[in-house]
Amino acid sequence: MMNQAGKAIRPPTASLAPLLGLLTMLALLLTPLKGAEADNLSRFFGSYVGKAKVENLKDSTEQERDLDIVVSPYRQDGLKVEWVTVGLVDGRRDVPGVKRWSQTALFRPADDADFMVEVSENNLFKERSDVQVVEGDPVRWTRIEDNILHACAFVVLDDGRYELQVYQRILTETGMDILFERIVDGQVIRRVTGSTVRTT
Amino acid sequence: MFLWFLVALSLTEAAAAASIDAFAGQWQGQQAETTEGTLDADKLSIDVTALSNGFEIAWHNLAQLHQGGGPDAALAARFARSNRQGVFELVPAGNSFIDRMFATPTTGNPLDGETLLWARLDEDTLAVYSLSIDQKGGFMLDHYSWTKTENGLNLRFRGQSEELGREVMIEGQLVPAGE
């Protein structure tokens, strides 16, 4: 057996056998946990379509929107959420004034915690210590609690107030319900409630 | 033109400094109202010291007191001006006097398990915020705001705990200590 440097790698000796045994046992112990985590995540994987009601609480107006959500795995143990929202005009999406928004969020497990942090596809390796939250860098994270995928985004605004966006995607028998709130300095500015059905 | 710029800049800085001065001193809690339960009004008391580049403040963790108190419910922090007008960053505690004079303001990253603390000052309101995220991703967000009134300060506190699934609101009045 040769490694890349051309030096021979010796097979494990008898003295290493107890260590290898211990490592094998550890691997066996850890495998079910990783599997459970993967199952926990994979329950959300799929494509969903549905409708939502948007309440603008500042001016007491309401809007209707079509939803298209895709939740899929990202790399080995991450999560990718893509969603398209279509702002309807009088319940229709084939008339002038209709708007379309498309967003994608990527999450990977946090290093030392039981939640996931958002990463940028262009800058996967940016150190979180570089983040200056008070200077306006947003922080985004997600977690799973029972049948709910919670996603939060937090930013300190220019004037020192904060904006918090809380997005809950709740698994149902037929699909996924959604609840979204945009909160500025403690006041709920916008609330979105909707339901979707799983298509795949 | 440049002279006008300098005058405007010095006026702006003077106004900001004056605003901090308006909150400086010891303030005694007189009245407390909570969404549930009771809270000793004395725990609303604060002590604010104006500094050349910010301020120091001593106050109580009202969310913790509301949940039954604790030995570390008393809080103190020093804030320095950030690059944003009216926004202050936390200066880490525990440095020497010289270090503190020249310390670069730093902030905790809540995604790394640190508590993010910052403050905001506008014309008549001083606000202090804290955000922390627990091991499971639940957050705690506390927001204190003290607004100047004819007789003292009006406190509004909102504590939001996702883990506990509850929100605590506290309102109260503070007057200058000794009155």
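See the structure shown above.
Everything in this summary refers to the structure shown in the same document. (Residues numbered from 1 in each chain as written. Chains lettered and ligands numbered in written order. Predicted model: local features only at pLDDT ≥ 70, side-chain atom pairs only at ≥ 80, totals over all residues. Heavy atoms only, no water.)

### Focus: the side chain of His-143 of chain B
To keep things clear, this is the line we draw: Starting at the N terminus, helices and strands are each numbered in turn, a helix being any DSSP run of H or I of at least four residues and a strand any DSSP run of E of at least two. Three labels apply to residues, based on accessible area from a 1.4 Å probe with only protein chains included: buried if under 20% of the type maximum, exposed if over 50%, partly exposed otherwise in between. Here a residue-residue contact requires only that any non-hydrogen atoms of the pair lie within 4.5 Å.
As for its position among the elements, His-143 of chain B is in strand 8 (residues 139-148). For His-143 of chain B, a relative accessible area of 10% puts it in the buried group. Apart from the residues lying within four places of it in its own chain, the contact partners of His-143 of chain B are Tyr-162 and Asp-185 of chain A together with Ala-127, Val-128, Tyr-129, Arg-156, Phe-157 and Arg-158 of chain B.

### Concerning the interface of chain A and chain B
For the record, the criterion: The term buried area refers to how much accessible surface (probe radius 1.4 Å) is lost by two components on association, counted for both of them together. Take a side-chain nitrogen of Lys or Arg and a carboxyl oxygen of Asp or Glu: if they are within 4 Å of each other, that pair is a salt bridge. Polar contacts, as counted here, are pairs of nitrogen or oxygen atoms within 3.5 Å of one another; within protein the pair requires one atom able to donate a hydrogen and one able to accept it, and residues that are adjacent in sequence qualify only if both atoms are side-chain atoms. Amino acid classes used here: Ala, Val, Leu, Ile, Met, Phe, Trp, Tyr, Cys and Pro are nonpolar; Asp, Glu, Lys and Arg are charged; the rest, including Gly, are polar.
On the side of chain B, 30 residues touch chain A, which itself brings 32 residues to the contact. Counting the surface lost from both chain A and chain B, the interface buries some 2700 Å², and carbon and sulfur atoms represent 54% of this. Across the pair Asp-185 of chain A and Arg-120 of chain B runs a salt bridge whose closest N-O atoms are separated by 3.7 Å. The interface formed by chain A and chain B includes 10 residue pairs in polar contact (both at pLDDT 80 or more). Every element with two or more residues in the side of chain A that touches chain B is listed here: strand 6 (139-145), strand 7 (148-156) and strand 8 (162-171) of chain A. Residues belonging to the side of chain A that touches chain B are distributed by class as follows: 15 nonpolar, 7 polar and 10 charged.

### A word on the sheet that holds strand 5 (residues 87-91) of chain B
Worth spelling out the cut-off: Strands pair, by our definition, only if DSSP identifies at least two bridges between them. Lines fitted to the C-alpha atoms define the axes, with helices restricted to the stretch that makes contact. Angles between their N-to-C directions range from 0 to 180 degrees.
Read around the barrel, 10 strands follow the order 1-2-3-4-5-6-7-8-9-10 (chain B) and close on themselves; strand pairing throughout is antiparallel. Averaged over all pairs of adjacent strands, the angle between their axes in this sheet comes to 25°, without regard to strand direction.

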